[in-house]
Amino acid sequence: MIQARDMTPAELAALLHFHADAGVEWLLEDDPIDRIAAFAAEKSARQVNRAPAVTGGPSPASAQAPSRAAIAGQAERNLSQPDRQPARAQPAQGSTLPAIPDENAVAEARFAAESARSLAELKTAIESFASCNLKTSARSTITVAGGGQSGIMIIGSMPSADDDREGAAFSGRAGLLLDRMLLAIGQTRDNVHITTVIPWRPPGDRMPSQPEVAICRPFIERQIALCEPKQILVLGNFAARYFFGETGTIHALRGKWREIGAGGHVAPAIATLHPQELLNAPSSKALAWMDISAFSRRLLGETA
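The text that follows walks through the structure, step by step, so that each part is easy to find. (Residues numbered from 1 in each chain as written. Predicted model: local features only at pLDDT ≥ 70, side-chain atom pairs only at ≥ 80, totals over all residues. Heavy atoms only, no water.)

## Remarks on the pattern of salt bridges
Here the structure, examined in full by the defined rule, presents eight salt bridges. For Glu127, the salt bridge goes to Lys123, with nearest N and O atoms at 3.0 Å. Here the residue Glu127 and the residue Lys123 both occupy positions in helix α6 (residues 119–128), the gap between them amounting to four residues, near one helical turn. Take Lys123: its relative accessible area is 35%, and that puts it in the partly exposed class. In this structure, the salt-bridge partner of Asp162 is Arg165, at a minimum N-O distance of 2.6 Å. Residue Asp162 and its partner Arg165 are both found in helix α8 (residues 161–166); the two are separated by three residues, about one turn of the helix. (Salt bridge = Lys/Arg side-chain N within 4 Å of Asp/Glu carboxyl O. Helix = DSSP H or I, 4+ residues; strand = E, 2+ residues; numbered from the N terminus. Buried < 20%, exposed > 50% of the residue type's maximum accessible area, 1.4 Å probe, protein only.)

## Details of unusual backbone geometry
In the Ramachandran plot, Phe170 falls in the positive-phi region, its phi being about 55° despite a non-glycine side chain. Using a relative accessible area of 5% as the deciding quantity, one classes Phe170 as buried.

## Overview of the packing of helix α5 (residues 103–115) against helix α10 (residues 210–227)
At their nearest, the axes of α5 and α10 sit 8 Å apart, and the two run at 10° to each other. The orientation of α5 relative to α10 falls into the category roughly parallel. Every residue of α10 that contacts α5 at Ala105, Val106, Ala109, Arg110, Ala112, Ala113 and Glu114 is listed here: Ala214, Ile215, Pro218, Phe219 and Arg222. Among the residues making up the contact of α5 with α10, the classes are represented as nine nonpolar, no polar and three charged. (Axes fitted to C-alpha atoms, helices over the stretch in contact; angles between N-to-C directions. Parallel < 35°, antiparallel > 145°, perpendicular 65-115°, else oblique. Contact = heavy atoms within 4.5 Å. Nonpolar A, V, L, I, M, F, W, Y, C, P; charged D, E, K, R; others polar.)

## With respect to the packing of α6 against α10
One can describe the packing of α6 onto α10 by two numbers: an axis separation of 10 Å at closest approach and a directional angle of 170°. When the interaxial angle is binned, α6 and α10 end up roughly antiparallel. Taken together, the residues of α10 that come into contact with α6 (itself represented by Leu119, Leu122 and Ile126) are Phe219, Arg222, Gln223, Leu226 and Cys227. For the contact of α6 with α10, the per-class residue count stands at six nonpolar, one polar and one charged.

## Regarding the state of the cysteines
Taken as a whole and judged by the stated rule, the model has zero disulfides. The thiol sulfur of Cys216 is not disulfide-bonded, and the nearest other cysteine sulfur, from Cys132, lies at 4.8 Å. (Disulfide = S-S within 2.5 Å.)

## Quick notes on α5
In this model, α5 (13 residues) spans 18 Å end to end at C-alpha, consistent with the 18 Å of a helix rising 1.5 Å per residue. Taken residue by residue, α5 has Ala105, Val106, Ala109, Ala112 and Ala113 as its buried positions. Summarising the axial view, the buried residues of α5 lie within an arc of 125°, below the 170-degree limit, and thus occupy one face. Opposite the buried face of α5, by more than 90 degrees, sit the exposed residues Glu103, Asn104 and Phe111. Looking at the buried positions of α5, the neighbouring elements they touch are α6 and α10. (Expected span 1.5 Å × (residues − 1). Arc of directions from axis to C-beta.)

Below you can see the structure in the form of structure tokens.
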């Protein structure tokens with residue numbers, strides 16, 4: 001087996017990138033953990049907690065079951081062996097365990113978003129927000145970028161691995177394709193607002209859970225309210241379902257004008273395929289071009 005000390009810095013960096021892209025969140029612990037013994041202890045404790053109260057003589061099942069004292073003693077012996085720790089490692093001093101979204105976290109996100117009076121304040125609020133578990137595995141926090149002079153806002157689904165590494169939405173090959181799409185209608189990144197529904201990349205590029213979506217909702221809605229776009233271009237299946245409240249695929253949701261409202265601001269919006277989807281299925285580029293052209297014609301009609 002190749003040891004880390006035998007690898008060059010470039011090889012180590014490539015290996016770390018591979019693990020991050022694969023969704024690896026935790027490395028080996030500093031000390032060995034006997035997880036088999038810890039699991040046995042936890043299983044015994046759960047059996048004790050589930051055991052019914054004894055009102056009379058022992059039942060046939062309980063007569064042969066180990067006593068509470070025996071279970072507790074075995075659990076203590078399992079966990080007291082040298083170099084053995086409970087299954088859940090204790091956080092380092094000054095750190096906290098990852099927070100899981102709940103109703104309090106959603107309320108905290110809503111307060112943080114509504115308290116921001118500018119995009120800069122909102123960016124600081126999202127970057128300092130610590131009550132969403134997605135942030136613990138992400139490298140970067142993705143928020144609105146671009147000048148927005150054109151009145152266009154582009155919203156993707158969630159950060160990709162490239163976005164997470166670069167710290168900007170629509171990086172890598174998908175970003176280059178988006179740049180060409182914008183140039184085709186006379187726009188650039190510098191004069192449009194670009195962001196994602198979810199500010200943190202989910203580990204392994206999995207779909208965010210409903211609690212995670214709920215906690216991120218105040219942030220994307222506040223971004224829309226502060227940007228006040230004239231038109232919104234929604235990219236990708238997840239983003240289209242999120243905004244339009246439908247369960248169809250992007251092929252069913254694309255090309256139709258709808259409205260997106262946030263914080264009292266309402267803007268017309270149209271969805272099309274995400275650039276990454278176009279890279280995977282180049283034959284769909286004709287559909288995306290139809291949507292982009294319709295988006296551009298409406299914008300010119302409103303600003304003429």
